[in-house]
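Fold and geometry: a report
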Amino acid sequence: MFITLFLLTFALSLCFIPESQAYTVRVWCFVATLLPMWVVTWMWWNFDASGHGLQMLAILGRSHLAFGIDGVALSLMLLTTILFPICMMLLRTVAGFMTFILLEVLVLSALCVLDLLGFYILFEASLILLFLLIGRATYGSLEAAYKIVLYTMAGSLVLLPTLFMIYSECGTTNVLYMTCASNHQTVLGWGLLAVLAVKIPLMPVHLWLPEAHVAAPTAGSVLLAGVLLKLGGIGFLRFMLPVVPEFCVSVFPLVSTLCLVSFLFSTLSTLRQIDLKKIVAYSSIAHMSMVTLAIFSQSEFSAYSSSFLMIAHGLISPALFLIVGILYDRAHTKFILYFSGLGASMPIGSTLFFLFTLGNLAFPLFPNFIAEVLCLVSIFAVHELLAYVFCVCQVLGAAYGFWAFNRVVHGLPRGPADVTRTEFHTVLPLLNGSVWLGVKPMA
Amino acid sequence: MIELDLCFGLLLLILFGLLSLRNGHVSLAHIRFICQCWLVMITPLEVQDFALCILTVVLLQSFHSFEALLFLLLAYIGQLYMMHSCNLVSFYVCLEAQTLCVVVLCGLLARGASTSFSVEAALKFLLLSAMVSGMALFWFSAMYQRTGSLDMVGQETFWILLVMLFKLGVAPMHMWSVDLYGSIPKSLLLYLSTAPKLSLFTFWASSWHHDFSVGVFILFSMFIGSIGAYGQPALRSLFAYSTINEIGLLLLAVETAGFHTLYQHLGIYIITQLLLWNLTDKRLFALCAVSLAGLPPFAGFFGKAWIFWHAMSVQAFSLLAAALFCTVLSLVYYLRVIRLFWTAPVHTAASFTGAPNQTTLTSACAVALAFAPVMLVKPFVI
């Protein structure tokens, strides 16, 4: 909302002071990212959880630009503002800080904007920042950067004419008023599906994700997995379901097939990977395909379960990326065969890795478990056979999780140093969040 | 009569310039300033004329010889009258005046090592445009023989279209622009990429009604502009191809009769071009390329979005699909430029011959306008 945006732009403008001392910039940016966290917590406190509509609406006068939050967006905003300070702790260059502050502005606004055109502009604007982040000279990969931008841009250029079509039909792109798009549902739906399927990666257009995760810095991977994929999810929930519900129902067979294929393919692909980050990246695809399926099932629990799975995934996946980042810091490689026997030399690190791997494969006592059960319930209400298949295929999640864990932690010790206190505190919020949500999930 | 005033004023200006330059007390900057004032004074008060006048005033700032200023003024007169011509002969004469001034300028502004390049560019441009204009003249005279009148209204105007498309640099006839962009000095490049396009599009939008669909040219321009830049090693030719792509988009705007979108995108494009070739800071150059690529939140996105929107509303679906596809294709080389310029080591740029104050002026006004899409978003969201 307004307060968040103004805080962030304030922080951004103050970052323009050319500080050549990296430490001051770092502290300042970290503080700047803590402020939205408090604001969002305050917003959570004031949120009326029994209402069904959008709250805290802020409509800029006489324009269609409107901001507002509902439960899903609020929880995702809280997740975002918790993840960003963690990212700030990981960054090292001033350019990185600037990029991340800009990204935080864009993502927070994208989560609460109610205008489809605004949403489009905001998440397109994050693309060029991601390109520069992923394509950076030394450790990044240019090919991955091209892939993420071109995939997303191609999808969004399919959305653009449909957006104009809504505008010329309804006179607005504000989702509050956009329910009149009844005779152009199909075209509109395809446009939205095109871009959101790239963003929350579904099967044919998911290829950007593994490479982007490998090439991004640790903070970038945390951001990508934790936040940017959820933009696709909230796009589905906020823009597709209210506006083109009949299209969603009619396209459910296709989407469910894509989700199933996505899930199976990515889960099985992890078993062939040799790069630790790619393993986690492919598991992200699997989780998000479950989210998409739950959204599209449009049953009683679907919005709730999918948003809960998004939050759970947003806690566990960034934590896994953090651990991979810790290993990378030590060994400067993510090659899985290089690591072995970390259990002997990194007890705390392997414990964390174990806990988050359990979370990843939806072990009970973790939020993923509750979320996946609820998702399966919501899918079950619509398509029983699919839910059966998904239940069985969950086991495959355990396959790659324990395989990766085994390769890394067990075996002959090779001995990198253990997790430092800083790094532990980086991972700690996520651990706290996942344990707490796993034991006591709330709305 | 205005024309007599104009000629008289121009004559006075020539005399003044020639005599005072020999004097040595009057510097070129003064003469330049007088030329700019003269431009503002003689311009009638219509919006497009005024826009052209402002543009030429800004562009005059970067030229450094009196002959160049004179030729630019002559070209300006040609453009001014071409924008409002209703007669075939007046169109031809004015277009030729403008073109030949540019040709002479290409050869004239050669300095030092790039002399042969500039002369070669001038020769190429001269030959090609002479051929096209010759064909146009032949067609005009054939029409005169057939119909006895030289009015533009109600005639078959296909050759006007071809001549104009040639001068714009539209795709089947775009070869000269790729070669020319690489060979001419920067000030002339600034002029060539902005002023003729403004005047020609104004002519098209206001004075001439075409009966033909330019769809073929749109498709050609966009495809060649998107794909042609892929292997280009030189920045200038890369941006020549991007210009061809943008001209294709502007033709799409004309094709769907969205003249307001045409002017908006043209305005943004001109500002971006001015910014592009005047910058010394590499990172701003990268941002300019982002704007040209059409990525939000910069102004280039809104120009393109307006054009697409208008095409959508008149239901030109196939052209729109081709335009969107080519935008994705052209994004690739823009990304290459962005990456190269963003992460390039920032060293002190070699001093170029433009005066620093003119760079800052152009850059400042252009930055303010190119990156403030708020003015454009507002009509969008209301």
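Residues numbered from 1 in each chain as written. Chains lettered and ligands numbered in written order. Predicted model: local features only at pLDDT ≥ 70, side-chain atom pairs only at ≥ 80, totals over all residues. Heavy atoms only, no water.

Focus on the overall build of chain B
- Per the secondary structure count, chain B includes 17 helices and zero strands.
- Per-residue burial over chain B gives 56% buried out of 382 residues.
- Within chain B, contacts between residues at least 6 apart in sequence are counted, and of these 77% link residues at least 24 apart.
- Summing over all exposed atoms, chain B offers an accessible surface of approximately 15400 Å²; the carbon and sulfur share of this is 72%. (Helix = DSSP H or I, 4+ residues; strand = E, 2+ residues; numbered from the N terminus. Buried < 20%, exposed > 50% of the residue type's maximum accessible area, 1.4 Å probe, protein only. Contact = heavy atoms within 4.5 Å. Areas by Shrake-Rupley, 256 points an atom, 1.4 Å probe, with all protein chains shown as cover.)

Focus: the overall build of chain A
- When you go through chain A residue by residue, the secondary structure sums to 17 helices and two strands.
- Summarising the internal contacts of chain A: among those between residues at least 6 apart in sequence, 80% fall at separations of at least 24.

Some remarks on the interface of chain B and chain A
- Chain B puts 26 residues into the contact, and the matching count from chain A is 25 residues.
- With both sides pooled, the region where chain B packs onto chain A buries about 2600 Å², and carbon together with sulfur makes up 85% of that total.
- At the junction of chain B with chain A, the criterion picks out zero salt bridges.
- Applying the counting rule to chain B against chain A returns one residue pair in polar contact (both at pLDDT 80 or more).
- Of all elements in the fold, only helix H14 (299–313), helix H15 (317–342) and helix H17 (374–381) of chain B reach the threshold of two or more residues within the side of chain B that touches chain A.
- Element by element, the count of residues in the side of chain B that touches chain A is highest for H15 of chain B, at eleven residues.
- Taken together, the residues of the side of chain B that touches chain A break down into 22 nonpolar, two polar and two charged. (Buried area = accessible area lost by both parts, 1.4 Å probe. Salt bridge = Lys/Arg side-chain N within 4 Å of Asp/Glu carboxyl O. Polar contact = N/O pair within 3.5 Å; in protein donor to acceptor, adjacent residues only side chain to side chain. Nonpolar A, V, L, I, M, F, W, Y, C, P; charged D, E, K, R; others polar.)

A look at the UniProt feature "domain: NADH:quinone oxidoreductase/Mrp antiporter transmembrane" (unreviewed entry) in chain B
- The feature "domain: NADH:quinone oxidoreductase/Mrp antiporter transmembrane" (unreviewed entry), as annotated in UniProt, sits at residues 86–277 and 284–330 of chain B in this numbering.
- Helix makes up 83% of residues 284–330 of chain B and strand 0%. Its end C-alpha atoms lie 20 Å apart. (UniProt positions renumbered as here; feature names shortened; annotations may be inferred.)

Observations concerning the pattern of salt bridges
- What the rule picks out here adds up to four salt bridges over all chains.
- A salt bridge links Lys 147 of chain A to Glu 211 of chain A, with the shortest nitrogen-to-oxygen separation between them at 2.9 Å. Pair noted here: Lys 147 of chain A is in helix H6 (residues 142–170) and Glu 211 of chain A is in helix H8 (residues 208–215), with a separation of 64 residues, a long-range link.
- Lys 147 of chain A gets classed as partly exposed once you look at its relative accessible area, which sits at 24%.
- Classification of Glu 211 of chain A by relative accessible area gives partly exposed; the value is 23%.
- In this structure, the salt-bridge partner of Glu 246 of chain B is Lys 304 of chain B, at a minimum N-O distance of 3.5 Å. Separated by 58 residues along the polypeptide, Glu 246 of chain B in helix H11 (residues 235–255) and Lys 304 of chain B in helix H14 bring together distant segments of the chain.
- You can call Glu 246 of chain B buried: its relative accessible area is 2%.
- Given a relative accessible area of 4%, Lys 304 of chain B falls into the buried group.
- Three or more residues are tied together by salt bridges with common partners; here these are Glu 120, Lys 124 and Asp 179 of chain B.

Digging into the state of the cysteines
- In this structure the tally under the stated criterion is zero disulfides over all chains.
- Considering cysteine sulfurs only, Cys 393 of chain A is the nearest to Cys 391 of chain A, which forms no disulfide, with 9.3 Å between them.
- This cysteine, Cys 106 of chain B, is not joined by any disulfide, and Cys 101 of chain B carries the nearest cysteine sulfur, 11 Å off.
- Of the residues examined, Cys 106 of chain B reaches a relative accessible area of 0% and is grouped as buried. (Disulfide = S-S within 2.5 Å.)

A closer look at the UniProt feature "transmembrane region" (unreviewed entry) in chain B
Residues and elements named next belong to chain B.
- In the numbering used here, UniProt assigns the "transmembrane region" (unreviewed entry) feature to residues 89–110, 122–145, 157–176, 188–206, 212–231, 260–277, 284–309 and 315–335.
- Split by type, residues 188–206 is 100% helix and 0% strand. Its first and last C-alpha atoms lie 26 Å apart.
- The span residues 260–277 carries 100% helix and 0% strand; its end-to-end C-alpha distance comes to 26 Å.

Notes on the environment of Pro 210 of chain A
Residues and elements named next belong to chain A.
- Of note, Pro 210 is situated in helix H8.
- Once the C-alpha coordinates of Pro 210 and Ser 284 are considered, the two residues, 74 residues apart in sequence, prove to be 9.2 Å apart.
- Dropping the residues within four chain positions of it, Pro 210 is found in contact with Lys 278, Ala 281, Tyr 282 and Ile 285.

Here we look at empty space enclosed by the protein
All names here are of chain A.
- Inspection of the entire model under this criterion finds six cavities of 30 Å³ or more.
- In this structure, the largest cavity spans a volume of roughly 100 Å³.
- Every residue along the wall of the largest cavity is listed here: Leu 276, Ile 279, Val 280, Ser 283, Leu 320, Val 324, Phe 353, Thr 357, Asn 360, Tyr 400, Gly 401 and Ala 404.
- Counting residues per element, the ones that place at least two in the lining of the largest cavity are helix H11 (276–297), helix H12 (302–331), helix H14 (347–360) and helix H16 (384–409).
- With four residues, H11 is the largest single contributor of residues to the lining of the largest cavity. (1 Å grid on protein atoms, 1.4 Å probe; cavity = no way out; pocket = protein on both sides within 12 Å on 5 of 7 lines; lining within 4 Å. Points joined across faces, edges and corners; volume = space filled by probe spheres on them.)

Quick look at the domain arrangement of chain B
Residue and element names in this part refer to chain B.
- Assigned domains within chain B: domain 1 (1–18 + 27–43), domain 2 (45–194) and domain 3 (213–342 + 367–376).
- Inter-centroid distance (C-alpha atoms) of domain 2 to domain 3 is 22 Å.
- Counting from both sides, the interface comprises 25 residues of domain 2 and, opposite them, 21 residues of domain 3.
- Taking both partners together, domain 2 and domain 3 bury about 1900 Å²; carbon and sulfur atoms supply 76% of that area.
- If you sort the residues of domain 2 by the area they bury against domain 3, Val 178, Tyr 181 and Leu 190 come out on top, with a joint share of 24%.
- Connecting domain 2 to domain 3 are zero salt bridges. (Domains from an automatic or database assignment.)

Quick notes on the packing of aromatic side chains
- Under the definition given, this model contains 24 aromatic pairs over all chains.
- Geometrically, the ring pair formed by Phe 119 of chain A and Phe 239 of chain A is tilted, given 4.9 Å between the ring centres and 45° between the ring planes. In this pair, Phe 119 of chain A sits in helix H5 (residues 116–134) while Phe 239 of chain A sits in helix H9 (residues 218–243), placing the two residues 120 residues apart along the sequence.
- Judged by its relative accessible area of 2%, Phe 239 of chain A falls in the buried class.
- Look at Tyr 120 of chain A and Phe 123 of chain A: their rings are 6.4 Å apart centre to centre, the planes differ by 70°, and that puts the pair in the edge-to-face class. One end of the pair, Tyr 120 of chain A, and the other, Phe 123 of chain A, are both in helix H5, three residues apart, so they sit about a helical turn from each other. Neither Tyr 120 of chain A nor Phe 123 of chain A differs from the other in exposure class; each is buried.
- Through pairs of rings, three or more aromatic residues link up here, namely Phe 119, Tyr 120, Phe 123 and Phe 239 of chain A together with Phe 301 and Phe 302 of chain B. (Phe/Tyr/Trp six-rings, centres within 6.5 Å; stacked < 30°, edge-to-face > 60°.)

What to know about a nonpolar patch on the surface
Residues and elements named next belong to chain A.
- A cluster of nonpolar side chains, namely Phe 301, Tyr 304, Phe 369, Val 373 and Val 377, defines an oily patch on the protein surface of about 370 Å² accessible area.
- A total of three residues in the nonpolar patch trace back to one element, the largest contributor, which is helix H15 (residues 367–380).
- What makes Phe 301 partly exposed here is its relative accessible area of 33%. (Patch = residues over 30% accessible without salt bridge, like charges linked within 9 Å, V, L, I, M, F, W, Y side chains within 5 Å.)

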